[in-house]
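Residue strings, one per chain:
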Amino acid sequence: MDIRIEPAPEAQRRGKPTDESKLVFGNTFSDHMFRLDYREPQGWVDARVAPYQNITLDPAAMVLHYGQGIFEGMKAYRCRDGRIHLFRPFQNFERMNRSATRLCMPTIDVNDQLAALETLLRVDHGWIPHSMGSSLYIRPTMIASEPHIGVRPAKEYIYYIITGPVGAYYAEGFSPVSIYVSDEFVRAVRGGVGEAKTMGNYAASLFAAEVAKKKGFTQVLWLDGIERKYIEEVGTMNIFFRIGDTLVTPPLTGSILPGITRDSVLTLAKKWGMDVQERLIDIQECVDAIQSGTMTEIFGSGTAAVISPVGSISYKDKKYTVRDGGVGDLARRLHDEIVGIQYGEKEDVFGWVHEVKI
Ligand code: COI
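Residues numbered from 1 in each chain as written. Predicted model: local features only at pLDDT ≥ 70, side-chain atom pairs only at ≥ 80, totals over all residues. Heavy atoms only, no water.

## A closer look at the pattern of salt bridges
Put simply, the test is: By definition here, a salt bridge exists when the distance from a side-chain nitrogen of Lys or Arg to a carboxyl oxygen of Asp or Glu is within 4 Å. Categorising residues by exposure relies on relative accessible area from a 1.4 Å probe, with only protein chains included: less than 20% of the type maximum marks a residue as buried, more than 50% marks it as exposed, and the intermediate range marks it as partly exposed. Put simply, DSSP marks the helices as runs of H or I at least four residues long and the strands as runs of E at least two long, and each gets a number from the N terminus on.
Applying the stated criterion across every chain yields a total of 21 salt bridges. Note that arginine 35 is salt-bridged to aspartate 37, the shortest N-O span being 2.9 Å. Classification of aspartate 37 by relative accessible area gives buried; the value is 11%. We note a salt bridge from glutamate 72 to arginine 95, for which the minimum N-O separation is 2.7 Å. One end of the pair, glutamate 72, is in the loop between β4 (69-71) and β5 (74-78); the other, arginine 95, is in helix α2 (residues 89-102), with 23 residues separating them in the sequence. Since its relative accessible area comes to 4%, arginine 95 is described here as buried. It is possible to trace a salt-bridge network through shared partners that takes in Arg4, Glu6, Arg35, Asp37, Asp46 and Arg48.

## Notes on the side chain of serine 255
Selection rule: Polar contacts, as counted here, are pairs of nitrogen or oxygen atoms within 3.5 Å of one another; within protein the pair requires one atom able to donate a hydrogen and one able to accept it, and residues that are adjacent in sequence qualify only if both atoms are side-chain atoms.
When you line up the elements, serine 255 lands in the loop between β12 (246-249) and α5 (260-271). What makes serine 255 buried here is its relative accessible area of 1%. Reaching out from serine 255, the side chain makes a polar contact with the side chain of glutamate 232 at a distance of 2.9 Å.

## What to know about the packing of α5 against helix α7 (residues 329-342)
Applicable threshold: Axis definition: a line fit to C-alpha positions, over the contact stretch in the case of helices; interaxial angles, taken between N-to-C directions, run 0 to 180 degrees. Here the word oblique covers every angle except those under 35 degrees (roughly parallel), over 145 (roughly antiparallel) and from 65 to 115 (roughly perpendicular). Crossing handedness is defined as follows: a turn of the near helix away from the far one that is anticlockwise and smaller than a right angle gives a left-handed crossing, while the clockwise case is right-handed. Only heavy atoms enter the contact rule, under which two residues are in contact if any of them lie within 4.5 Å. Only Asp, Glu, Lys and Arg are considered charged in this grouping, and only Ala, Val, Leu, Ile, Met, Phe, Trp, Tyr, Cys and Pro are considered nonpolar; every other residue, Gly among them, is considered polar.
For the pair α5 and α7, interaxial distance at closest approach is 11 Å and the crossing angle is 110 degrees. As the angle between them shows, α5 and α7 are arranged roughly perpendicular. Between α5 and α7 lies a crossing whose hand is right-handed. Seen from α5, the contacting residues are Thr261, Ser264, Val265 and Leu268; seen from α7, they are Leu334, Glu337 and Ile338. In terms of residue class, the contact of α5 with α7 is built from 4 nonpolar, 2 polar and 1 charged.

## Focus: the nonpolar core
The criterion, for reference: To define a nonpolar core, start from buried Ala, Val, Leu, Ile, Met, Phe, Trp, Tyr and Cys residues and group those joined through side-chain atoms within 4.5 Å.
By size, the foremost hydrophobic cluster in this structure holds 41 residues, and its most contacted members are Phe34, Ala76, Leu86, Leu117, Met142, Tyr159 and Ile161. Among the secondary structure elements, those contributing two or more residues to this core are β2 (32-39), β3 (43-51), β5, β6 (84-87), α2, α3 (110-124), β7 (135-144) and β8 (156-166). Excluding anything up to four places from it in sequence, tyrosine 159 contacts Phe34, Arg35, Leu36, Trp44, Phe93, Met96, Ile108, Gln113, Pro140, Thr141 and Met142. Counting 27 residues, the second-largest nonpolar core is a separate cluster that includes Tyr170, Leu223, Cys286 and Ala305.

## Some thoughts on the site of the ligand
So the rule is basically this: When at least one non-hydrogen atom of a residue lies within 4 Å of a molecule or strand, that residue is treated as near it. All accessibility values rest on the Shrake-Rupley procedure with a 1.4 Å probe; residue burial counts only the protein chains present in the view.
In the region of the ligand, the neighbouring residues are Phe71, Gly73, Tyr137, Arg139, Tyr169, Lys197, Tyr202, Thr236, Thr303 and Ala304. Alanine 304 has a polar backbone atom sitting 2.9 Å from an oxygen atom of the ligand. Contact with the protein chains removes 91% of the 290 Å² of surface that the ligand exposes when unbound. Residue composition of the shell around the ligand, by class: 5 nonpolar, 3 polar and 2 charged.

Structure, rendered in structure tokens:
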């Protein structure tokens, strides 16, 4: 893939944040973006890195009507010695293609997606924060741009990548979050699009998230859409339970996102000799285990959140505090190991890290 570079004029460049400790997730964007257009019969054309700018869409663009839109979440990390790392990038690009296929959108060769991202990072590497814990968040996105109002897959698409420096996803940082179990609303059902990273899944989550927020909770823990009893995910994270010496997480049955951090947690826990189970876990089992004291930790995993300890869950108007509500030792060990690998501080035995040569 040939990629043209159109540098942003000096006058158009924005100032980079000066205090990395104050970075808020999702507010700041770097100077450039990558863009690629799809039209039939040519396919993907006109790859370029251009100044960060508005995208012009016809009011009939199909993404605005029928929601054909997908995205990914990734990060670039600056190591202490200046190297730039990505974490398991092919996993993200392969998931992007699986989401595309599920939404009847065209796929893009994973090597081309990586080349696009690396070219963008070579132009905007100055935006990658320097402190451990901060990173450059990367948002590959694909939208249906064809102006058409009949319901069918679009014939024109835009793929773009934007980036921006970020700190912790939750205001709590690595402190435990409180989670609200929704038994009224559901996020996805088996056979639906829950396992695709499509925009509609996030739209579907907003109302319950607002209800939870008004009640003082950080996030919603979703139950399955049919029996409303099996735990699914947290919407921005996959969820893990440490019950006795076993690590339990819901299986990938089609309605939850197959998280890359989730897979990394499972791989590390197995390597550390833990009993790991991907199985259905019902909310009553979870509550009983918290009450009996056998549930020693709950934590979430995700690209944005990394590992996020869960201090309490609230179900049917009752709050259940996990052990002492503090950070568990497994969550801390997993966090330190994953972050250590991402920033090149710990040995990368699984070959997860991809170095971007600037
Ligand atoms: C991520 O973890 O990168 C996500 O995409 C979740 C969220 C910020 C939408």
